[in-house]
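Structure at a glance
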Amino acid sequence: MKKHRAKLEEIVILASEDTHYSIPNGANLLMIDWEKVPVQEDTRDMSQEAIEAAIKRAISNGKKYFIAIANMGTTMFGSVDDPVPLAETLKSFGVTFRLHIDGAYGGFVFPFSEDENPITFENPDISSLTIDAHKMLQAPYGTGIFVCRKGLIENVLTKEAEYVEGMDLTLCGSRSGANAVAVWTILTTYGPHKWYEKISVLKMRTNWLCKQLDLLKIPYFREPEMNIVTIRAHAVPEPIAMKFNLVPQSHGEDNEWYKIVLMDHVEIEHLKEFIAEMKSFTKVSS
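Everything in this summary refers to the structure shown in the same document. Please read these numbers as outputs of a predicted model, since none were measured by experiment.

Focus: the layout of surface pockets
There is about 590 Å³ of room inside the second largest pocket. Val247, Lys259, Ile260, Val261 and Val266 are the residues nearest the centre of the second largest pocket, which is lined by 26 residues in total. Those elements that provide at least two residues to the lining of the second largest pocket are strand 10 (257-261) and helix 6 (268-285). For the lining of the second largest pocket, the element with the highest residue contribution is helix 6, accounting for 4 residues. Tallied by class, the residues present in the lining of the second largest pocket amount to 12 nonpolar, 9 polar and 5 charged.

A look at unusual backbone geometry
The phi dihedral of methionine 31 falls on the positive side, at around 60°, and the residue is not glycine. By the element assignment, methionine 31 lies in the loop between helix 1 (22-30) and strand 2 (33-37). One non-glycine residue, glutamate 225, lies in positive phi territory at about 75°. Within the secondary structure, glutamate 225 sits in the loop between strand 7 (220-221) and strand 8 (228-232).

Here's the deal with a positive patch on the surface
A cluster of basic residues, Lys2, Lys3, Arg98 and Lys159, forms a positive patch at the surface. Note that lysine 3 resides in the segment before strand 1 (11-16).

Regarding the nonpolar core
Leu14, Phe66, Leu86, Leu90, Leu99 and Met136 are the most contacted members of the largest nonpolar core, which totals 42 residues. Dropping the residues within four chain positions of it, methionine 136 is found in contact with Tyr105, Phe108, Val109, Trp195, Ile199, Leu202, Asn227 and Met263. Within the second largest apolar cluster, 21 residues are counted, among which are Leu213, Ala233, Tyr258 and Leu262.

Quick notes on the packing of aromatic side chains
This structure, assessed with the given rule, holds 5 aromatic pairs. Taking the centre distance of 5.0 Å and the plane angle of 85° together, the rings of phenylalanine 77 and tryptophan 257 count as edge-to-face. Here phenylalanine 77, found in the loop between strand 3 (65-71) and helix 3 (83-92), pairs with tryptophan 257, found in strand 10; they are 180 residues apart in sequence, far enough to count as distant. A single burial state applies to phenylalanine 77 and to tryptophan 257, both of which are buried. A centroid spacing of 4.9 Å and a plane angle of 85° characterise the contact between tyrosine 190 and tryptophan 195, whose relative ring orientation is edge-to-face. Here tyrosine 190 falls in the partly exposed class, since its relative accessible area comes to 31%. Here the aromatic cluster, defined as three or more aromatic residues joined through ring pairs, consists of Phe77, Phe221 and Trp257. Taking NZ or CZ as reference, arginine 44 lies 3.9 Å from the ring centre of phenylalanine 77, over its face.

Things to note about the side chain of asparagine 117
Looking at the secondary structure, you find asparagine 117 in the loop between strand 4 (96-102) and strand 5 (126-132). In this structure the side chain of asparagine 117 is engaged in a polar contact, spanning 3.1 Å, whose partner is the backbone nitrogen of isoleucine 119.

Brief notes about the sheet that holds strand 5
Ordered in space as 2-1-3-4-5-6, the 6 strands form an open sheet in which the pairing is mixed. Strands at the two margins of the open sheet, each flanked by one partner only, are strand 2 and strand 6 (144-148). With strand direction ignored, the average angle separating the axes of adjacent strands in the sheet is 20°. Alignment of strand 5 against strand 6, held across 5 bridges, turns out to be antiparallel. Across the sheet, residue leucine 129 finds its bridge partner in strand 6, namely valine 147. Helix 1 rests against strand 1, strand 2 and strand 3 of the sheet, and its axis sits at about 155° to strand 2.

Brief notes about the pattern of salt bridges
Summed over all chains, the structure comprises 13 salt bridges. For the salt bridge of glutamate 10 with lysine 64, the shortest nitrogen-to-oxygen distance reads 3.4 Å. Here the residue glutamate 10 occupies a position in the segment before strand 1, and lysine 64 occupies one in the loop between helix 2 (48-60) and strand 3, the gap between them amounting to 54 residues. Its relative accessible area of 46% is what places lysine 64 among the partly exposed residues. The partner of aspartate 18 in a salt bridge is arginine 44, with the nearest N and O atoms 3.0 Å apart. Of this pair, aspartate 18 sits in the loop between strand 1 and helix 1 while arginine 44 sits in the loop between strand 2 and helix 2, and the two are 26 residues apart along the sequence. For arginine 44, a relative accessible area of 5% corresponds to the buried category. Among the ionic contacts, a cluster of salt bridges with common partners joins Asp18, Glu41, Arg44 and Arg232.

Rules behind the numbers
- Residues numbered from 1 in each chain as written.
- Predicted model: local features only at pLDDT ≥ 70, side-chain atom pairs only at ≥ 80, totals over all residues.
- Heavy atoms only, no water.
- 1 Å grid on protein atoms, 1.4 Å probe; cavity = no way out; pocket = protein on both sides within 12 Å on 5 of 7 lines; lining within 4 Å.
- Points joined across faces, edges and corners; volume = space filled by probe spheres on them.
- Helix = DSSP H or I, 4+ residues; strand = E, 2+ residues; numbered from the N terminus.
- Nonpolar A, V, L, I, M, F, W, Y, C, P; charged D, E, K, R; others polar.
- Patch = residues over 30% accessible without salt bridge, like charges linked within 9 Å, V, L, I, M, F, W, Y side chains within 5 Å.
- Areas by Shrake-Rupley, 256 points an atom, 1.4 Å probe, with all protein chains shown as cover.
- Salt bridge = Lys/Arg side-chain N within 4 Å of Asp/Glu carboxyl O.
- Lys, Arg positive; Asp, Glu negative; His and termini not counted.
- Charge placed at Lys NZ, Arg CZ, Asp CG, Glu CD.
- Core = buried A, V, L, I, M, F, W, Y, C linked by side-chain atoms within 4.5 Å.
- Buried < 20%, exposed > 50% of the residue type's maximum accessible area, 1.4 Å probe, protein only.
- Contact = heavy atoms within 4.5 Å.
- Phe/Tyr/Trp six-rings, centres within 6.5 Å; stacked < 30°, edge-to-face > 60°.
- Lys NZ or Arg CZ within 6 Å of the ring centre and 35° of its normal.
- Polar contact = N/O pair within 3.5 Å; in protein donor to acceptor, adjacent residues only side chain to side chain.
- Pairing = 2+ DSSP bridges.
- Axes fitted to C-alpha atoms, helices over the stretch in contact; angles between N-to-C directions.

What follows is the structure in structure tokens.
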């Protein structure tokens, strides 16, 4: 609005159907539309055709300015969106856009893989990135991290807060400095190498679980390099799901998935017990 004099009805959020519910919440708060892009059932990816169709729908509805969001670890599946086809497709339509990476969960997991992380500011199309330190980093709640390119943050400067030394750039205004100190302490204690080792152990446990599920021919989704395994609900009996506190996609009768998040406290012994229960169920079923 500040740079392009965009009207409210000309702005749209473009994000996948697996995107966190804060996106429709934010769209509602800001009174702008969310163009939901369907994902493929097996890969949780947005197809090229689906992206193009969503952009065409938005343009036909008078949208000219796009807030595109790519996920680095969705809440239910841990899936990671490739930002390149998203940006390239938007450019092919000649529309103005900003590309945001939602790494709220995966920001402290996905980059610590054996492969080179392609989702960085080395990609000139990426405008901003968020990471929640109160998830994987286990810092106190409210320690969200937001990073954006130079020249963008000034667009949310509240000039009316002239009595505040520095710049007030947030909705909440006042916030605890203790949270920032906590994040700094955790990061400096681990350092990049110890954190890499920690994530490597969690991925090793995730690999073990996936191997056991493969042997049992139990259908699941797992994004490579992430520590979330999401199992088809029909393959997990409800008593087992309740016993191990598996997280359902929906608490209603139409639940299709259960997820397991491999955190520090989820050790191989716990996974062995879960697999033993699943083996017993499959034997009874057969």
